[in-house]
Amino acid sequence: MKKIVAILIGLSFIFLSSGLSSAEVGFSDKVPFPEGYRNWHYLKSMVIQEGHPLYSIVPGLHHIYLNEIAYKHFRSGSKREYPQGSIMVFELFDVETGKNSITTTKTKAVLVKQRDPRFAQTGGWGWELFVMPTKERAVMDVDRQCANCHFRSEETHDTVWQKWEAVKEIVE
């Protein structure tokens, strides 16, 4: 046992003195891209049009998906914080309008919100916006670009705007 502890301490020292970042050895303080999110629980869709407060940020049509952890909590109506591992996805589309229809053409961006203790500075939530199709990260200042709006609204519960009662007829 003492030998294992000594090895771990030695490896820690080598890592810390090597100058490697945590990302270079497989750890990250960034929200990962949510592969397979379209197979998660679909929550709702919405078209944000000119005149809506979010139009300058996320204009157009979007779908919202929740992973199993977030969905169970959301559906329960609990007033407690979302559990660790909760992930929410906001998929934003480019659209074409014409002939009395709105058609999605491609995914423009994928916005992700993840509950994880790594993000204690922003209330336990990490945020990221992936520009598609390259998945380039676009959030530069999570406090200003994401958390600020989510935390200041009195309409949110644990930074989530939507309530189960508003969507249960769509989802069930």
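Residues numbered from 1 in each chain as written. Predicted model: local features only at pLDDT ≥ 70, side-chain atom pairs only at ≥ 80, totals over all residues. Heavy atoms only, no water.

Asks: Sorry, what's going on with the overall build of the protein chain here?
Replies: Broken down by element type, the protein chain carries 4 helices and 6 strands. The order of α-helices and β-strands along the protein chain, N terminus first, is α-β-β-α-β-β-β-β-α-α. Split into buried and exposed, the 172 residues of the protein chain put 33% on the buried side. Accessible surface, the protein chain as shown: approximately 11,400 Å² in total, 56% of it carbon and sulfur. (Helix = DSSP H or I, 4+ residues; strand = E, 2+ residues; numbered from the N terminus. Buried < 20%, exposed > 50% of the residue type's maximum accessible area, 1.4 Å probe, protein only. Areas by Shrake-Rupley, 256 points an atom, 1.4 Å probe, with all protein chains shown as cover.)

Asks: Looking at this structure, I do not really get the pattern of salt bridges. What am I missing?
Replies: Note that side chains of opposite charge can pair when their charged atoms are close. Scanning all chains against the criterion turns up 7 salt bridges. With its nearest N and O atoms 2.3 Å apart, the salt bridge here joins E91 to R38. Remark: R38 occurs in the loop between helix 1 (2-18) and strand 1 (41-48) and E91 occurs in strand 3 (residues 87-98); sequence separation between them is 53 residues. For E91, a relative accessible area of 0% translates into the label buried. With its nearest N and O atoms 3.0 Å apart, the salt bridge here joins R137 to E128. (Salt bridge = Lys/Arg side-chain N within 4 Å of Asp/Glu carboxyl O.)

Asks: Which parts of the structure should I look at to understand the packing of aromatic side chains?
Replies: The geometry of two aromatic rings is summed up by the distance between their centres and the angle between their planes. Per the counting criterion, the structure on display carries 5 aromatic pairs. Note on F33 and F130: the rings are 5.1 Å apart at their centroids and 85 degrees apart in plane angle, and the pair reads as edge-to-face. A residue pair is termed long-range when its members are at least 10 positions apart, and F33 in the loop between helix 1 and strand 1 and F130 in strand 5 (residues 125-131) qualify at 97 residues. Of the two residues examined, F33 and F130, each falls in the buried class. Note on Y37 and Y65: the rings are 5.5 Å apart at their centroids and 65 degrees apart in plane angle, and the pair reads as edge-to-face. With Y37 in the loop between helix 1 and strand 1 and Y65 in strand 2 (residues 60-66), this residue pair connects regions lying 28 residues apart in the sequence. When sorted by exposure, Y37 lands in the same class as Y65, which is buried. Positioned above the aromatic ring of W125 is the side chain of K113, whose terminal nitrogen or guanidinium carbon lies 4.5 Å from the ring centre. (Phe/Tyr/Trp six-rings, centres within 6.5 Å; stacked < 30°, edge-to-face > 60°. Lys NZ or Arg CZ within 6 Å of the ring centre and 35° of its normal.)

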